Amino acid sequence: MFWSEFYKMIYCVEDDAGIRDMMIYALNVAGFEAHGFENGKLFFDEIKKKIPRLIMLDIMLPDEDGLTILKKLRSNPSTSSVPVIMATAKGTEYDKVIGLDLGADDYLAKPFGMMEMISRVKAVLRRTEPKNTSQLLKLGNIEVDVEKHSVTVEGAEIQLTLKEYELLYLFMKNPDSVSISQIFVRDVWLPPSSFCHGFQILDLLSRQLPGLSPFQVSQLQTALLPAL
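Residues numbered from 1 in each chain as written. Predicted model: local features only at pLDDT ≥ 70, side-chain atom pairs only at ≥ 80, totals over all residues. Heavy atoms only, no water.

(A) Geometry of the overall build of the protein. Within the protein one finds nine helices and nine strands. Residue burial in the protein is summarised as follows: out of 228 residues, 43% are buried. Partitioning the intrachain contacts of the protein with sequence separation of at least 6 by distance along the chain shows that 59% fall at a separation of at least 24. Approximately 12300 Å² of the protein is accessible, and the part contributed by carbon and sulfur atoms is 56%. (Helix = DSSP H or I, 4+ residues; strand = E, 2+ residues; numbered from the N terminus. Buried < 20%, exposed > 50% of the residue type's maximum accessible area, 1.4 Å probe, protein only. Contact = heavy atoms within 4.5 Å. Areas by Shrake-Rupley, 256 points an atom, 1.4 Å probe, with all protein chains shown as cover.)

In structure tokens form, the structure reads like this:
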């Protein structure tokens, strides 16, 4: 399963409305999207429509407990690899072992702090981030492999400096932007005194990347000039 670098949806299955609301609020503040569910039925109804990046799952739930839900998740090919952090007031070693043996990725014993929860969520996401997928950006006959930080033109790899690569990456991530100078300043960190160096980068890119049309080169220049 592949997740976009921008996809940060987290589902919180927790029957206590107060705790659930705090979890969702803390996740939102930390930059994640979060949806809450008070029971397994509502949760499974939603997961049929959209699979989240991670699931926070309470063990003690009405009707269907968290361990039963976890078994169903791990037995379903579409959700078997979704990370799950168990959360429960039952803090015994037995409950932790059962949950982890069933495929939970981490465990939080109540009461837990929101900062600890966010730290564990980020740690699990780092551990479970797919490593065998490459994100390719394509523009004409130019390809940028974000995973490998490589650039090819008509299948032949070319060598770019860090600044050249960052500028090309930014442009290919924003091909429809008329002016991306603010993003350029923030993400490429070209200092205001680099006027000549900036044009050298632009000129070199134009010569090394024959797949860029004159209009696209002009777009690069439009993006670069306000940042100098």
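Next comes the rest of the description.
(B) Region of interest: the pattern of salt bridges. Throughout the structure, instances matching the rule amount to eight salt bridges. Note that Arg 120 is salt-bridged to Asp 106, the shortest N-O span being 2.9 Å. Taken together, the residues span a long stretch of sequence, with Arg 120 in helix H5 (residues 114-128) and Asp 106 in strand S5 (residues 106-109) at a distance of 14 residues. Residue class for Arg 120 comes out partly exposed when judged on its relative accessible area of 26%. A network of salt bridges, in which partner residues are shared, links Glu 14, Asp 58 and Lys 110. (Salt bridge = Lys/Arg side-chain N within 4 Å of Asp/Glu carboxyl O.)

(C) Focus on the side chain of Lys 110. Summarising the element assignment, Lys 110 is placed in the loop between S5 and H5. Leaving out residues up to four positions away in the same chain, Lys 110 has contacts with Glu 14, Ile 19, Asp 58, Ala 87, Thr 88 and Ala 89.

(D) Up close: the packing of helix H2 (residues 40-47) against helix H3 (residues 66-75). Closest axis-to-axis distance for the H2/H3 pair is 11 Å, and the angle between their directions is 20°. Between H2 and H3, the interaxial angle falls into the category roughly parallel. Classified by chirality, the crossing of H3 by H2 is right-handed. When H2 is examined against H3, the residues Gly 40, Phe 43, Phe 44 and Ile 47 are found in contact with a partner set consisting of Ile 69, Lys 72 and Leu 73. Here the residues of the contact of H2 with H3 are counted per class, giving five nonpolar, one polar and one charged. (Axes fitted to C-alpha atoms, helices over the stretch in contact; angles between N-to-C directions. Parallel < 35°, antiparallel > 145°, perpendicular 65-115°, else oblique. Left-handed = near helix turned anticlockwise from the far one by under 90°. Nonpolar A, V, L, I, M, F, W, Y, C, P; charged D, E, K, R; others polar.)

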